[in-house]
Amino acid sequence: MIHVSADQNLYKIKELIPPQTELSLYDPSQGIPDLSQADAMLLRTVTHLTEESFPNPPATLKFIGTGSSGTDHLDNEHLEGKGITLASSNGCNARAVAEYVMTALLLWKEKKQPKESFGKIGVIGVGKAGSAVVDLLSNFDIDCVLYDPPRQQRDPDFTPASLQEVLDCDILTFHAPLSKKGPHATYHWLDEEKLAGKSFKLIINAARGGVIDELALMKYYVEGKIGDYILDVWEREPDFNTEVAKHAFIATPHIAGYSEQAKVNATKMICDQLAAFFELGSGSADYEIPERIEDLAHIQYDLTKLITRLNPILGYDKALRDLSDRPDKGVLFRNLRNEWPLRYEYASLKIRKELLREFKEIHMLGVQPI
Ligand SMILES: O=C(O)[C@H](O)[C@H](O)COP(=O)(O)O
């Protein structure tokens, strides 16, 4: 029997864990659990395993899987040096993140420039999430400028724009991993130096806090040199800077990738890799996401109201702002992420066809007719 210690908030872990395992759940707010009996650990981004926090992994621990696309909470070199195999759920939430970005863009345009086009959008980081963003933007005929130097090195078919071209865009959206070392370090990639002399209409960060220098971002906004910014991620999560949040057009608690579909994908992907690593024969257990139909017949809608019914982005925004004066806002930020029901991706939602005819944007987001 393989002993697996897993974060209690890994979505549907009890349903998806391969049957040939013994599962124990831990509460990540209590720190790194006792792993002395564990062969494998399944975690989320809230548990940071570094040389300082986790200097001596038990010898029995052979596999660590993170149910996330990002892996900046894991010190690969240290953990692999201890003989541990690492796995992630890279791409699990690409569609969810793309839908967050497009939703935020539509809400912003409705309020700030309903009659104008978006202009050029620079996508920084064109991995799984960035590519899904580009796909969805192309449904809306939006002109994208792609920037990803590490991808350029490993993918001969990828032709990126120059730094200058991307910095000349009207809007930037970030999908690069956070890294502090190496030739492609992204820490504070957008800083005062790159912001100087530019006049972006909007900047969106749904990647990792720290990829943008958020204090520089706020300063440029307050000075009127940036039109708006939208942040889903923060430099000191689970804490967040109240002033930075106050000035944001939309501020959410790191939930861009929080859809039912993405979270099931994440848990499935690491369970499958765990099963393959320990040669368990079969992968994750079966789990079907039920269909969801939204009955939206009796209200007068505009686009913002309709989006608000289908996607909780503005609800999260309000809930985050309500935490601003609370001394325990970090704990409450974490609770918001753990306790709110997951949204359904648009492509898994159905609404009346009359509404889709009236609001073509909702159809372009992927919602299907009943
Ligand atoms: O890296 C990812 O997949 C996303 O940032 C995701 O939202 C992280 O989710 P968490 O592990 O914090 O629940």
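Residues numbered from 1 in each chain as written. Predicted model: local features only at pLDDT ≥ 70, side-chain atom pairs only at ≥ 80, totals over all residues. Heavy atoms only, no water.

By the naming in an unreviewed UniProt entry, the chain goes by 4-phosphoerythronate dehydrogenase and is assigned to Gracilimonas sediminicola. In UniProt, the chain has this text filed under Sequence similarities (unreviewed entry): "Belongs to the D-isomer specific 2-hydroxyacid dehydrogenase family." (UniProt positions renumbered as here; feature names shortened; annotations may be inferred.)

> So what exactly am I meant to see when it comes to helix α8 (residues 214-222) here?
Three or more residues of α8 are buried, namely E214, A216, L217, M218 and Y220. Contact partners of the buried residues in α8: α7 (192-195), β9 (202-205), β10 (228-231) and α9 (242-247). Between the side-chain oxygen at the start of α8 and the backbone nitrogen of L215 there is a gap of 3.2 Å, and the oxygen is on D213. (Buried < 20%, exposed > 50% of the residue type's maximum accessible area, 1.4 Å probe, protein only. Helix = DSSP H or I, 4+ residues; strand = E, 2+ residues; numbered from the N terminus. Contact = heavy atoms within 4.5 Å. Polar contact = N/O pair within 3.5 Å; in protein donor to acceptor, adjacent residues only side chain to side chain.)

> Help me out: how do you make sense of the nonpolar core in this one?
A general tendency of soluble globular proteins is for nonpolar side chains to be buried together. Counting residues in hydrophobic clusters, the biggest one holds 53 residues, and the most contacted among them are Y100, M102, L105, F118, L310 and I362. With 11 residues, helix α3 (residues 94-112) is the largest single contributor of residues to this core. Counting the residues that make up this core, at least three belong to each of domain 2 (94-251) and domain 3 (292-369). Not counting chain neighbours up to four residues away, the residues in contact with M102 comprise F118, L136, L137, F140, I142 and L365. Core analysis: the second largest hydrophobic core is formed by 37 residues, V145, W189, W234 and A319 among them. (Core = buried A, V, L, I, M, F, W, Y, C linked by side-chain atoms within 4.5 Å. Domains from an automatic or database assignment.)

> Got a minute to help me understand the sheet that holds strand β12 (residues 292-293) in this structure?
Strands pair in a sheet through their backbones, by hydrogen bonds, and they do so in one of two ways: parallel or antiparallel. Read from one edge of the open sheet, 3 strands run β12-β13-β14, paired in parallel fashion. Where the open sheet ends on each side, the last strands, each with one partner, are β12 and β14 (368-369). Bridge analysis of β12 against strand β13 (residues 349-351) gives 2 bridges, and the strand direction is parallel. For R292, the partnering residue across the bridge sits in β13 and is L349. (Pairing = 2+ DSSP bridges.)

> What's the story with the UniProt feature "domain: D-isomer specific 2-hydroxyacid dehydrogenase catalytic" (unreviewed entry) in the chain in this structure? I'm lost.
Within this structure's numbering, the places UniProt gives as "domain: D-isomer specific 2-hydroxyacid dehydrogenase catalytic" (unreviewed entry) are residues 33-279. Here residues 33-279 runs as 34% helix and 15% strand, with 25 Å between its end C-alpha atoms.

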